[in-house]
Amino acid sequence: MQHHLNITKISKFLIAIAIVTAIWWLVAIITKNQLFPTPWDAVKAFADLLTTPSTYTHVLVTTYRTLAGTLAGALVGIILGITTRYFKFMDTMVRVVIYPFFQSVPTVCWAFLFVIWFGLSDWTPILSVATAVMPFFIINVWEGLKDIDTKLVEMGSIYTRSKGRMLQKIIMPMLNPYIFAAVQSGVIVAWKIVILGEVFGSSTGMGYMLSIDFAAYHLPRVFAWTISFTFILLFFDKVFFPFIERKYIRKWQIDR
Amino acid sequence: MLSIKDLSFRYGKLDVLNGISFDVFKDETVCILGPSGSGKTTLLRLITGLESIQNGTIELSDISIEEKNLYKQHLGVVFQEPRLLPWRTSIENVLLPFELNEKKISDEQKEKAIEALKLVKLDDFKDSYPRELSGGMQHRLALARALVTDPDLLLLDEPLTGLDVNTKEELQDEILYLKKETNKTVLWVTHDPQEAIYVADRIIILSERPTVIKEIVPVEYGYPRSRLSSDSISLEQHIRTIFNEKEDN
Ligand SMILES: Nc1ncnc2c1ncn2[C@@H]1O[C@H](COP(=O)(O)OP(=O)(O)O)[C@@H](O)[C@H]1O
Ligand SMILES: [Mg+2]
């Protein structure tokens, strides 16, 4: 049964791909434009990328920046989110100032600022990502704190008066599923933003390569990079996260 | 052991407890029997320090509830629901009281946890998660967690709620056995007169809100008790009469 379902799923996926490819091809033929490559050109350029060793370095560099940026944003966001539970001042500060500010400043503005401050370096893409994903973590930690099982907190408070240990042993574990949800949406946004950050402020990574090919009007290559992004995102979204969730996150979820 | 004097409590405008005084002596099992909403849970929350005292005093082994740290070491609590951490295995749940108190768990504490699990016959399930256990087993696990710190006084708030009759009776016997085995004094809240008669040395009967103590009834037969002896049936009738009496005003 399970097997059967999977096959229908896969065939649906393949049909969808086929339709998109067909439309793409049609448009490429109709426009007959050098600036709109056919799927075949893109696949050739993609194969070309796959056989170029430096591609992998760029992919790794970009992955590293995505993860480092998400991690940094996560740390700051989680800490800010949690402090709102303990300090009235921080609650006002985060709710009224920090969260709305980071939520509304466009990432491009950050990217510009970071280029000015840090020049062409890892910092621009990493910090762009961090500032963009940080609000996800704040809001998800809030959500988690709102849903906290107060009965468990009460049970723990019988045994200790240490807020630190309560946080570590009882409250943080309850936040895990919420933080994981933030990581999931965060990483996906992070991938889009890291590319932007690299276009602006880096001399390595997939975004940088994209900008080079773009500047050279090497359109099949631009498409090929785009395909690579898609594959990487699909991998995270459909393979990696579901796997982690099945294996590690389920047990933290409280059934009510 | 536990000494409560003139305890009154209100939630905002709602008068809940209205001058409650009683003692629980060492090795006793005392049941608190009262209608739903009479403030039984509130009373236990006051004893555990989950609500702060408005009027009256509570002392445990001559330590006032004001001295929180010392006082709490003498208490074990089982709530109406098992309140287990779903992400922890049985043994990890039992170790929680230690972990909340100290940075590092000692081998001795690990042994104590295993012993507590053995007492409630869950040692074969020490690596199971709560959701893998039956309702009765979850309640037993909560008992093990309450016993692991070896408290003097065990507070039980309708600990067998939501269990079927067989499991409930089994667990009543088990709690009595644990109490004897570990020399605990027990304060047991229930709304079931039969349960009270089966387990208690004394039964404190509460009125409706605003709550006072109507009567304290001693139960004078030894253990093990039979559930259906003529004595216990007439005692049950006696208690039900007090229980159902309307106040005179
Ligand atoms: N946190 C609270 N705030 C306001 N009223 C409460 C609260 N907890 C309980 N009450 C009220 O206090 C009364 C006693 O409740 P409780 O101690 O739970 O009774 P019991 O355990 O005997 O059923 C009830 O009328 C209940 O509605
Ligand atoms: Mg209650």
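Predicted model only: the values in this text are computed from it and were never measured.

Chemist: Quick rundown of the packing of helix H3 (residues 90-101) of chain B against helix H5 (residues 135-147) of chain B? Include the residues and the values.
Modeler: All names here are of chain B. As a packed pair, H3 and H5 sit with axes 8 Å apart at the nearest point and diverge in direction by 35°. Of the two elements, H3 crosses H5, and the hand of that crossing is right-handed. Residues Ser-90, Asn-93, Val-94 and Pro-97 of H3 touch H5, and the partners they reach there are Leu-141, Ala-144 and Arg-145.

Chemist: Give me the lowdown on H5 of chain B, citing residues and values where you can.
Modeler: Over its 13 residues, H5 of chain B extends 19 Å from the first C-alpha to the last, a length consistent with the 18 Å expected when each residue adds 1.5 Å. A large share of H5 of chain B lies buried, amounting to 11 of its 13 residues. Regarding H5 of chain B, the residues found buried are Gly-136, Met-137, His-139, Arg-140, Leu-141, Ala-142, Leu-143, Ala-144, Arg-145, Ala-146 and Leu-147 of chain B. The inward-facing, buried residues of H5 of chain B abut helix H7 (150-157) of chain A together with strand E6 (75-78), H3, helix H4 (107-119), strand E7 (153-157) and helix H6 (165-182) of chain B.

Chemist: Provide a residue-level description of the interface of chain B and chain A, including the pertinent values.
Modeler: Counting from both sides, the interface comprises 27 residues of chain B and, opposite them, 22 residues of chain A. Across the chain B to chain A interface the summed buried area is about 2300 Å²; carbon plus sulfur atoms make up 59%. Of all residues in chain B, Arg-83, Trp-87 and Leu-100 of chain B give up the largest surface area on contact with chain A, accounting jointly for 33% of the area buried on that side. Across the chain B-chain A interface, the total number found is 4 salt bridges. Between Glu-154 of chain A and Arg-83 of chain B there is a salt bridge whose closest N-O contact spans 3.0 Å. At the junction of chain B and chain A, the tally comes to 9 residue pairs in polar contact (both at pLDDT 80 or more). Those elements that provide at least two residues to the side of chain B that touches chain A are helix H1 (40-48), helix H2 (68-72), H3 and H5 of chain B. At 5 residues, the largest contribution of residues to the side of chain B that touches chain A is made by H3 of chain B.

Chemist: Account for the site of ligand 1, naming residues and giving values.
Modeler: All names here are of chain B. Around ligand 1, the structure places Tyr-11, Leu-14, Val-16, Pro-35, Ser-36, Gly-37, Ser-38, Gly-39, Lys-40, Thr-41, Thr-42 and Arg-209. A distance of 2.8 Å is found between an oxygen atom of ligand 1 and a backbone nitrogen or oxygen belonging to Lys-40. A distance of 2.5 Å is found between an oxygen atom of ligand 1 and a side-chain nitrogen or oxygen belonging to Thr-42. Protein coverage of the free-state accessible area of ligand 1, which is 570 Å², stands at 60%. For the shell around ligand 1, the elements supplying multiple residues, two or more each, are strand E2 (14-24) and H1. Tallying contributions element by element places H1 first for the shell around ligand 1, with 3 residues.

Chemist: Explain the packing of helix H3 (residues 53-86) of chain A against helix H4 (residues 88-104) of chain A to me, and be specific about the residues and the numbers.
Modeler: Residue and element names in this part refer to chain A. Where H3 meets H4, the axes come as close as 6 Å, and the angle between the chain directions of the two elements is 135°. Taken together, the axis directions place H3 and H4 in an arrangement best described as oblique. The hand of the H3/H4 crossing is left-handed. Contacts between H3 and H4 involve Leu-80, Thr-83, Thr-84 and Tyr-86 from the former and Lys-88, Met-90, Asp-91, Val-94 and Ile-98 from the latter. Residues belonging to the contact of H3 with H4 are distributed by class as follows: 5 nonpolar, 2 polar and 2 charged.

Chemist: I'd love a proper account of the sheet that holds strand E3 (residues 29-33) of chain B, names of residues and values included.
Modeler: Residues and elements named next belong to chain B. Across the sheet, which stays open at both edges, the 6 strands sit in the order E6-E7-E8-E3-E9-E10 with mixed pairing between neighbours. Either end of the sheet is taken by a strand with one partner, and the two such strands are E6 and strand E10 (213-218). Each strand of the sheet is rotated relative to its neighbour by a mean of 15°, with strand direction disregarded. Running at roughly 150° to E7, H1 makes contact with E3, E6, E7, strand E8 (185-190) and strand E9 (202-206) of the sheet.

Chemist: Give me the domain arrangement of chain B: which residues, what numbers.
Modeler: All names here are of chain B. The domains assigned to chain B are domain 1 (2-74 + 153-244) and domain 2 (85-150). The distance between the C-alpha centroids of domain 1 and domain 2 comes to 25 Å. Facing 15 residues of domain 1, the contacting portion of domain 2 comprises 11 residues. Of the roughly 1100 Å² buried at the junction of domain 1 and domain 2 (both faces included), carbon and sulfur atoms supply 72%. The interface formed by domain 1 and domain 2 holds 3 salt bridges in total. For the salt bridge of Glu-174 with Arg-140, the shortest nitrogen-to-oxygen distance reads 3.4 Å. The interface formed by domain 1 and domain 2 holds 3 residue pairs in polar contact (both at pLDDT 80 or more) in total. Broken down by secondary-structure element, the contributors of at least two residues to the side of domain 1 that touches domain 2 are E7 and H6. It is H6 that contributes the most residues to the side of domain 1 that touches domain 2, 8 residues altogether. When grouped by side-chain class, the residues that make up the side of domain 1 that touches domain 2 number 9 nonpolar, 3 polar and 3 charged.

Chemist: So what's going on with the nonpolar core? Residues and values would help.
Modeler: Counting 83 residues, the largest nonpolar core has Ile-170 of chain A together with Leu-2, Phe-22, Ile-47, Ile-58 and Leu-187 of chain B as the members making the most contacts within it. Per-element tally for this core: the top contributor is helix H8 (residues 163-201) of chain A, with 15 residues. Each residue touching Ile-170 of chain A, except ones within four places of it in the same chain, is listed here: Leu-152, Val-153, Gly-156 and Arg-165 of chain A together with Leu-85, Trp-87, Leu-96 and Leu-100 of chain B. Counting residues in hydrophobic clusters, the runner-up holds 46 residues, among them Leu-156, Ile-175, Leu-176 and Ile-242 of chain B.

Chemist: Tell me about the side chain of Ser-38 of chain B, residues and numbers included.
Modeler: Looking at the element boundaries, Ser-38 of chain B is found in the loop between E3 and H1. Residue contacts for Ser-38 of chain B: discarding those within four places in its chain leaves Val-16, Leu-17, Leu-206, Ser-207, Arg-209 and Thr-211 of chain B.

Chemist: Summarise the layout of surface pockets; cite the residues concerned and give the values.
Modeler: To find leftover empty space, a probe the size of one water molecule is rolled over the atoms. All names here are of chain A. Reported here for the largest pocket is a volume of approximately 490 Å³. Around the largest pocket, the lining is made up of 16 residues, and of these Ile-17, Thr-21, Trp-24, Ile-227 and Phe-231 lie nearest the centre. Residue assignment for the lining of the largest pocket shows that the elements contributing at least two residues are helix H1 (2-31), helix H2 (39-50) and helix H10 (219-249). Here the element with the most residues in the lining of the largest pocket is H1; it accounts for 8 residues. Each residue belonging to the lining of the largest pocket can be placed in one class, and the counts come to 14 nonpolar, 2 polar and no charged. When residues are assigned to domains, the lining of the largest pocket turns out to be shared by domain 1 (1-36) and domain 2 (37-252), each giving three or more.

Chemist: Requested: an account of the sheet that holds strand E1 (residues 2-11) of chain B, with residues and values cited.
Modeler: Residue and element names in this part refer to chain B. Pairing is antiparallel across the open sheet formed by 4 strands, whose spatial order is E2-E1-E4-E5. Bordering the open sheet on either side are E2 and strand E5 (63-64), each of which pairs with just one other strand. Across the face of the sheet, H1 comes into contact with E1, E2 and strand E4 (55-60) while running at roughly 120° to E1.

Reading guide: rules and limits
- Throughout, a residue's number is its position along its own chain's written sequence, starting from 1.
- Labels follow written order: the first chain is A, the first ligand is 1, and so on.
- Local features in this predicted model are restricted to residues of pLDDT 70 or higher, and side-chain atom pairs are both shown and tallied only at a pLDDT of 80 or more, whereas totals for entire chains, interfaces and linings draw on every residue.
- Side-chain figures throughout are based on the complete set of non-hydrogen atoms in the structure, without hydrogens or water.
- Axis definition: a line fitted to C-alpha atoms, limited for helices to the stretch in contact. Angles are taken between N-to-C directions and run from 0 to 180 degrees.
- Only DSSP runs of H or I reaching four residues or more are called helices, and only runs of E reaching two or more are called strands; each is numbered from the N terminus.
- For any pair of crossing helices, the crossing counts as left-handed if the nearer helix is rotated counterclockwise from the farther one by less than a right angle, and right-handed if it is rotated clockwise.
- Any two residues having at least one pair of non-hydrogen atoms within 4.5 Å are treated as being in contact.
- Helix span is expected to be 1.5 Å times the residue number reduced by one.
- Type-normalised accessible area, obtained with a 1.4 Å probe on protein chains alone, sets the label of each residue: buried when under 20%, exposed when over 50%, and partly exposed for intermediate values.
- Throughout, buried area stands for the accessible area (probe radius 1.4 Å) lost by two parts on being put together, summed over both.
- Counted as salt bridges are all cases of a side-chain nitrogen of Lys or Arg within 4 Å of a carboxyl oxygen of Asp or Glu.
- Any N or O atom pair separated by 3.5 Å or less is treated as a polar contact, with the protein-specific requirement of one donor-capable and one acceptor-capable atom, and with residues adjacent in sequence counted only for side-chain atom pairs.
- Neighbouring residues are identified by heavy atoms, a residue being near a molecule or strand if any of them is within 4 Å of it.
- Exposure was quantified through the Shrake-Rupley algorithm and a 1.4 Å probe, taking into account, for residues, occlusion by the shown protein chains and nothing else.
- For classification purposes, an angle smaller than 35 degrees is called roughly parallel, one larger than 145 roughly antiparallel, one from 65 to 115 roughly perpendicular, and anything else oblique.
- Only Asp, Glu, Lys and Arg are considered charged, only Ala, Val, Leu, Ile, Met, Phe, Trp, Tyr, Cys and Pro nonpolar, and every remaining residue, Gly among them, polar.
- By the convention used here, strands pair only if DSSP detects at least 2 bridges between them.
- Residue ranges assigned to the domains are those given by an automatic or database domain assignment.
- Residue types Ala, Val, Leu, Ile, Met, Phe, Trp, Tyr and Cys, when buried and joined through side-chain atoms within 4.5 Å, form a set referred to as a nonpolar core.
- A cavity here means a set of 1 Å grid points, computed over protein atoms only, where a 1.4 Å probe fits but cannot escape. A pocket is an open set with protein on both sides within 12 Å along at least 5 of 7 lines, and lining residues have an atom within 4 Å of a point.
- Grid points are joined across faces, edges and corners, and a volume is the space filled by probe spheres set on the points.

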